[in-house]
Amino acid sequence: MSDIPDLALSGVAGIALGAFFFGGLWWTIQLAVLSQRPAMLFLGSLLLRMSVALAGFYFVSHGDWQRLLVCLLGFVVARLVAVRMTRPAAEPERSRAREARHAP
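These numbers come from a predicted model, not from an experiment.

Parameters at a glance
- Residues numbered from 1 in each chain as written.
- Predicted model: local features only at pLDDT ≥ 70, side-chain atom pairs only at ≥ 80, totals over all residues.
- Heavy atoms only, no water.
- Helix = DSSP H or I, 4+ residues; strand = E, 2+ residues; numbered from the N terminus.
- Buried < 20%, exposed > 50% of the residue type's maximum accessible area, 1.4 Å probe, protein only.
- Contact = heavy atoms within 4.5 Å.
- Areas by Shrake-Rupley, 256 points an atom, 1.4 Å probe, with all protein chains shown as cover.
- 1 Å grid on protein atoms, 1.4 Å probe; cavity = no way out; pocket = protein on both sides within 12 Å on 5 of 7 lines; lining within 4 Å.
- Points joined across faces, edges and corners; volume = space filled by probe spheres on them.
- Nonpolar A, V, L, I, M, F, W, Y, C, P; charged D, E, K, R; others polar.
- Axes fitted to C-alpha atoms, helices over the stretch in contact; angles between N-to-C directions.
- Parallel < 35°, antiparallel > 145°, perpendicular 65-115°, else oblique.
- Left-handed = near helix turned anticlockwise from the far one by under 90°.
- Core = buried A, V, L, I, M, F, W, Y, C linked by side-chain atoms within 4.5 Å.
- Expected span 1.5 Å × (residues − 1).
- Arc of directions from axis to C-beta.

Once that is clear, we can look at the overall build of the protein. Looking only at helices and strands, the protein has four helices and zero strands in total. For the protein, the α and β elements follow one another from N to C terminus as α-α-α-α. Counting across all 104 residues of the protein, residues that qualify as buried make up 24%. In the protein, of all internal contacts separated by at least 6 residues, the share reaching a separation of at least 24 is 69%. Summed over all atoms, the accessible surface of the protein reaches about 8,000 Å², with 71% contributed by carbon and sulfur.

Our next topic: the layout of surface pockets. What the largest pocket holds in volume is close to 160 Å³. In terms of lining, the largest pocket is formed by Ile-15, Gly-18, Ala-19, Phe-22, Gly-23, Trp-26, Ala-78, Val-81, Ala-82, Met-85 and Thr-86. Looking at the lining of the largest pocket element by element, the count peaks at six residues for helix H1 (residues 4–32). Broken down by class, the residue content of the lining of the largest pocket amounts to eight nonpolar, three polar and no charged.

It is at 8 Å that the axes of helix H2 (residues 38–61) and helix H3 (residues 65–86) come closest, and there the two elements cross at 140°. By the angle between their axes, H2 is oblique relative to H3. Both H2 and H3 take part in a crossing whose hand is right-handed. Across from Ala-53, Phe-57, Val-60 and Ser-61 in H2, the residues of H3 making contact are Arg-67, Leu-68, Cys-71, Leu-72 and Phe-75. A breakdown of the residues in the contact of H2 with H3 according to their chemical character gives seven nonpolar, one polar and one charged.

For the rest of this paragraph, the subject is the nonpolar core. Ranked by size, the top nonpolar core spans eight residues in total: Leu-17, Phe-21, Phe-22, Ala-53, Phe-57, Val-60, Cys-71 and Phe-75. If we skip the residues at most four places from it in the chain, Phe-21 touches Arg-49, Met-50, Ala-53 and Phe-75.

Here H3 is 22 residues long and its end C-alpha atoms lie 31 Å apart, about the 32 Å a rise of 1.5 Å per residue gives. Residues of H3 that are buried: Arg-67, Cys-71, Gly-74, Phe-75 and Ala-78. End-on view of H3: buried residues confined to an arc of 100°, all on one side of the axis. Pointing more than 90 degrees away from the buried face of H3 are the exposed residues Trp-65, Leu-69, Leu-73 and Arg-84. Each element contacted by the buried residues of H3 is listed here: H1 and H2.

These values are about where atoms sit, not about what they do.
Here you go:
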């Protein structure tokens, strides 16, 4: 089976693939706001990002399900980081409470 260094490299590769995938999605959204054809931009971006991610998973796994699983785990970790980094600033609790008092 696989040893620890191979699994660690698979995890790092998964994080890199996730960073590419979700970074590309963020970049696409930023460009789509200014684009004349945002649907074409999203479609092209999706095809490119999915192709790179699937090819990366294929090459990293080398037919070993454990390496594929660790790579997928790294991909999910990159997703969690991307979601946390792109979350809008939280609204203060005081203003939410004030709005609730004015509700009919």
